[in-house]
Structures are given as C-alpha cells and as structure tokens.
Amino acid sequence: MYVCLCHGVTDGQIREAIYEGCCSYREVRENLGVGTQCGKCACLAKQVVRETLCEVQSSQASLAYPAGFAAA
C-alpha cells in the first residue's frame, strides 16, 4: 500500500528500510523521503515504523535463548 504519495513510498519499502538497519522514523524519513513534502503521510508512516520495529524486537527476543534452554 502506498503510504507517501508525494515520493511514491510503500509500506513494504518502509519495512525493508527497518530490516536493512533503520532504527527510527527519523532514519526512515532521511532514507526514503517519506513525510518530507506535504506531511500528510507522517502518522501512517510512523505507525508502520512502530509496528515493524516491534515485530523485529519480538523476533529477536524469541531467538535470545535456544529452544531447549529454560531461563531461571
């Protein structure tokens, strides 16, 4: 889905930027230009960034311990 019509940025591109190392909305904005022209997409872009960062963090947390390891 298109998030930023001014720059033609999709939610997939925002997610990919997070997967490639962007750690904040600011970094995504600097890399993709989302939210830098009219600004109407900023709320949705921030939501996509937030959701994707949460997904990445939860997937990393599940990898923190091997399957047979039980934390005390």
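Note that this is a predicted model, so its numbers are computed, not measured. (Residues numbered from 1 in each chain as written. Predicted model: local features only at pLDDT ≥ 70, side-chain atom pairs only at ≥ 80, totals over all residues. Heavy atoms only, no water.)

Side note on the overall build of the protein chain
Part 1: Looking only at helices and strands, one finds 3 helices and 2 strands in the protein chain.
Part 2: Listing each helix as α and each strand as β along the protein chain from the N terminus yields β-β-α-α-α.
Part 3: Out of the 72 residues in the protein chain, the part that is buried amounts to 28%.
Part 4: When contacts within the protein chain are restricted to residue pairs at least 6 apart in sequence, long-range pairs at least 24 apart make up 51% of them.
Part 5: As displayed, the protein chain has an accessible area near 5,000 Å², and 53% of this comes from carbon and sulfur atoms. (Helix = DSSP H or I, 4+ residues; strand = E, 2+ residues; numbered from the N terminus. Buried < 20%, exposed > 50% of the residue type's maximum accessible area, 1.4 Å probe, protein only. Contact = heavy atoms within 4.5 Å. Areas by Shrake-Rupley, 256 points an atom, 1.4 Å probe, with all protein chains shown as cover.)

Details of the pattern of salt bridges
Part 1: For the structure on display, the rule yields 1 salt bridge.
Part 2: Salt-bridge contacts for R15 lead to D11; the nearest nitrogen and oxygen are separated by 2.8 Å. Of this pair, R15 and D11 both sit in helix 1 (residues 11–19), 4 residues apart, which is roughly one turn of that helix.
Part 3: With relative accessibility at 23%, the residue R15 sits in the partly exposed group.
Part 4: Looking at D11, the relative accessible area reads 16%, which means it is buried. (Salt bridge = Lys/Arg side-chain N within 4 Å of Asp/Glu carboxyl O.)

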